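Results of the structural survey
Each chain is listed here by its residues.
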Amino acid sequence: MFKQICQLTRLGLYSLFHINELRYTKDKKKKQRFILMGVVWMILALLLIFYMAVLSFSYIRIGLEDVLPMYFYTAASMIILFFSLFKVGDTMFSIKTYEIQASWPVSAAAIIVSRFVLMYLTNLLFSFVVMLPGMGIYGWVMRPAISFYIYGVLGLLFLPILPLCIALIFGAVIQAIGARMKHKGVGIALLTLIFGIALMGVSMFFSWNAESMDMRQLENMALLVTDTLKKMYPPAWIYGRAVVKGEFSGMIGLCAVSAAILAGFVFILKKYFIDICGLLNTASAKNNYKLESQRKNSVMKALWQRELRRYFASGIYISNTMFGYIFMVIASAALLIYTPGKFETMIGMSGLVNRVWPLILGFMPAMMPTTACSISMEGKNLWRLQSLPLDDRKIYDAKILLNLSLAAPFYILAVILSIIALHPGLIDGLFILCVPAAYILFSAVAGLSANMALPLLQWESEVQVVKQSGAALISMLAAFAVWLIPTGIVLAFPQLSSEMIFLLMLAVLSVLTFILYRKNQRKLLADYS
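Let me sum up the structure you'll find in this document. Just so we're clear, the structure is a prediction, and the values are computed from it rather than from any experiment.

**Structural notes on the pattern of salt bridges**
In this structure the tally under the stated criterion is six salt bridges. Lys-399 is paired through a salt bridge with Glu-307; the nearest N and O atoms lie 2.9 Å apart. Of the two residues, Lys-399 is situated in helix α18 (residues 392-422) and Glu-307 in helix α14 (residues 299-312); the sequence distance between them amounts to 92 residues. Residue Lys-399 shares its accessibility class with Glu-307, and that shared class is buried. Here Glu-378 and Lys-399 are joined by a salt bridge, their closest N and O atoms 3.0 Å apart. Of this pair, Glu-378 sits in the loop between α16 (352-366) and α17 (382-387) while Lys-399 sits in helix α18, and the two are 21 residues apart along the sequence. Its relative accessible area of 5% is what places Glu-378 among the buried residues. Residues joined in a network through salt bridges with shared partners are Arg-306, Glu-307, Glu-378 and Lys-399.

**Concerning the packing of α18 against helix α19 (residues 426-453)**
Packed helix pairs are specified by the crossing angle of their axes together with the interaxial distance, meaning the distance between the axes. One way to put it is that α18 packs onto α19 with a least axis distance of 9 Å and a crossing angle of 155 degrees. Classed by the angle they form, the pair α18 and α19 counts as roughly antiparallel. With respect to the hand of their crossing, α18 and α19 are arranged in right-handed fashion. Residue-level inspection shows Tyr-396, Lys-399, Ile-400, Asn-403, Leu-404, Ala-407, Tyr-411, Val-415, Ser-418, Ile-419 and Leu-422 of α18 in contact with α19, the latter providing Ile-432, Leu-433, Pro-436, Ala-437, Ile-440, Leu-441, Ala-444, Val-445, Leu-448 and Met-452. Among the residues forming the contact of α18 with α19, the class breakdown is 18 nonpolar, two polar and one charged.

**Digging into a nonpolar patch on the surface**
On the surface, Leu-336, Ile-337, Tyr-338, Ile-412, Ile-416 and Ile-420 cluster together into a nonpolar patch covering about 540 Å² of accessible area. Among the secondary structure elements, those contributing two or more residues to the nonpolar patch are α15 (315-347) and α18. Topologically, Leu-336 is positioned in helix α15.

**Thoughts on empty space enclosed by the protein**
Using the criterion set out here, one finds three cavities of 30 Å³ or more in the structure. There is about 50 Å³ of room inside the largest cavity. Lining the largest cavity, in full, are Asn-354, Trp-357, Pro-358, Leu-422, Pro-424, Asp-428, Ile-432 and Phe-502. Of all the secondary structure elements, the ones that give two or more residues to the lining of the largest cavity are α16 and α19. With three residues, α16 is the single largest residue contributor to the lining of the largest cavity. A class-by-class count of the residues in the lining of the largest cavity yields six nonpolar, one polar and one charged. The space that makes up the second largest cavity amounts to roughly 40 Å³.

**Let's talk about the environment of Ile-5**
In this fold, Ile-5 is placed in helix α1 (residues 2-17). A relative accessible area of 12% places Ile-5 in the buried class. The spacing of Ile-5 and Leu-118 is 113 residues in sequence and 9.8 Å in space, taken between C-alpha atoms. Sequence-distant contacts of Ile-5, defined by excluding residues within four places in its chain, comprise Ala-110, Val-113, Ser-114 and Val-117.

Criteria and cut-off values
- Residues numbered from 1 in each chain as written.
- Predicted model: local features only at pLDDT ≥ 70, side-chain atom pairs only at ≥ 80, totals over all residues.
- Heavy atoms only, no water.
- Salt bridge = Lys/Arg side-chain N within 4 Å of Asp/Glu carboxyl O.
- Helix = DSSP H or I, 4+ residues; strand = E, 2+ residues; numbered from the N terminus.
- Buried < 20%, exposed > 50% of the residue type's maximum accessible area, 1.4 Å probe, protein only.
- Axes fitted to C-alpha atoms, helices over the stretch in contact; angles between N-to-C directions.
- Parallel < 35°, antiparallel > 145°, perpendicular 65-115°, else oblique.
- Left-handed = near helix turned anticlockwise from the far one by under 90°.
- Contact = heavy atoms within 4.5 Å.
- Nonpolar A, V, L, I, M, F, W, Y, C, P; charged D, E, K, R; others polar.
- Patch = residues over 30% accessible without salt bridge, like charges linked within 9 Å, V, L, I, M, F, W, Y side chains within 5 Å.
- Areas by Shrake-Rupley, 256 points an atom, 1.4 Å probe, with all protein chains shown as cover.
- 1 Å grid on protein atoms, 1.4 Å probe; cavity = no way out; pocket = protein on both sides within 12 Å on 5 of 7 lines; lining within 4 Å.
- Points joined across faces, edges and corners; volume = space filled by probe spheres on them.

Note that every value here comes from positions in space, so none of it alone points to a role or purpose.
What follows is the structure, encoded as structure tokens:
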């Protein structure tokens, strides 16, 4: 069975990273897109490594070096838990993929274990990117014993197991509850969003408490952080003590418990996998459909309603694209509750909130536009759109309109809360109104451009389109770039007028949006196959 697990895992990795397609395709443009995506992923990894390195030096400088291992262990675990939650239904418990693989000359146990191994390996890779920079800097500065490196790597190998098991349990529960709701996609997305927001809320609450300390309290912060992590996530505390103090029993105990949890979890999956898949993929329908009066809509409204129905049919689509809109409102509400003065006191920069708030408010909804995967989500059904006797430009406009209509209520509420919190003058109020709107419109058009350039129509799981596609990644990087540049200028040159920077940014975003929109309108749906 071990050989079968290895073969299935290898096939899963090939499919996930499109390795065979890259090796055997004769389409030069497709190869260039793969190479471009590889470069983008490398840049992202380097940025994350750089951030972790800067954070490590900061902690060491203020005397919190012994907190680093457990802090990064917790951060990696929470991120694995958060992102694995979205992939449970389509990766681990996909009954369609299982039915295909069940016809192969492999055992059912090998299929189940290989799925878990695939998720483990992808999360392990991410854990290395998060953990190794901080651990390396700790080792370089502090010169610990050799046990630090041995226990550090050993614990890292077992790190993804516990958060992955927790994510699978909670994800399965969410999937089971949502499957019995009338609107399955909306129900699953809502439950996932609630869990994700609660998880991030705990992290933000801890960060705010830590950042609000004065220097006298900061001296005792290591003890506070250690105690907090011990209560919040005991495995991180055990790992931190093991690598810093060389506690062999703690590390062996952590690894043994993780291995026991993994063995028990795999045993349960092997025994009840089919039953679990049946429960999670239950669908309910009423048989009392009646043809009543029919309504006639305009072409644009009909296309928009079609996009709306497709959007709310996918829980993974909703939960990934809604986070930015929701956090835009949460951030505005937090600004109203905590007041700008408290935020500026925490960061030690007076007047900063008013100077950067329109940019922050615009960045959050621009991170993941629905248009970044709206063409790819058509998948094998794209031919239906291609066969419609319609101008392709109307189809593109309907996809942009979906993004704008979803963002509109959150944008309006966030702007109202921000104006109440900041009490701006007329000019500043207009910037709070206009800058986020420009970012939302730009991201919708740019996301569609990215999806046109990097369409992914051959997919088995919606997770591949929404979370792992090149278009989604490019859209996020584009939003980050157009936000980071003006924000960096505002922070680096406090003597410059923020109003001038906002005006310049509005002009740049307007020009970019117009250029990309006109370019999109010239493309044909018939070119995609």
